[in-house]
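Structure assessment
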Amino acid sequence: MKRTDVQPTKCAKCERAMVSLNLEIDAELRTLHSCSHCDLRIWEAAGETLSLEGVLDEIADSSAR
Ligand SMILES: [Zn+2]
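Just so you know, these numbers come straight off a predicted model, no measurement behind them.

1. Some words on the sheet that holds strand β4 (residues 48-50)
If you walk across this open sheet you meet the four strands as β1-β2-β3-β4, and the pairing is antiparallel. Each having just a single partner strand, β1 (19-25) and β4 make up the two edges of the open sheet. The average angle at which neighbouring strand axes cross in this sheet is 35°, direction not considered. Relative to β4, strand β3 (residues 41-45) is paired through three bridges, and the arrangement is antiparallel. Note that in β4 the partner of W43 across the bridge is L50.

Following this line, the structure appears as structure tokens:
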């Protein structure tokens, strides 16, 4: 059986569906996947997963300007 292409991101910890939020940071689109069950957060940019520290650095950088 074929599944639909768009499927919700599953939490790496508890495997529940994560909530996705699109945010524009420094003119680049970031997607934040967050799990309301265990509060795990995953950032994604252009299909790549980012470390949370890296994104926070970018936010601090852009707000300092
Ligand atoms: Zn979870």
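From this point, the narrative continues.
2. Observations regarding the pairing of β3
Here strand β2 (residues 28-34) runs beside β3; their pairing, made up of four bridges, is antiparallel. Directly across from T31, in β3, lies its bridge partner E44. What sits between the antiparallel neighbours β2 and β3 is a turn of six residues, in which D39 has the positive phi angle 70°. Here β3 folds back onto β4, and the loop between the two strands holds two residues, one of which, A46, carries a positive phi near 50°.

Thresholds applied
- Residues numbered from 1 in each chain as written.
- Predicted model: local features only at pLDDT ≥ 70, side-chain atom pairs only at ≥ 80, totals over all residues.
- Pairing = 2+ DSSP bridges.
- Helix = DSSP H or I, 4+ residues; strand = E, 2+ residues; numbered from the N terminus.
- Axes fitted to C-alpha atoms, helices over the stretch in contact; angles between N-to-C directions.

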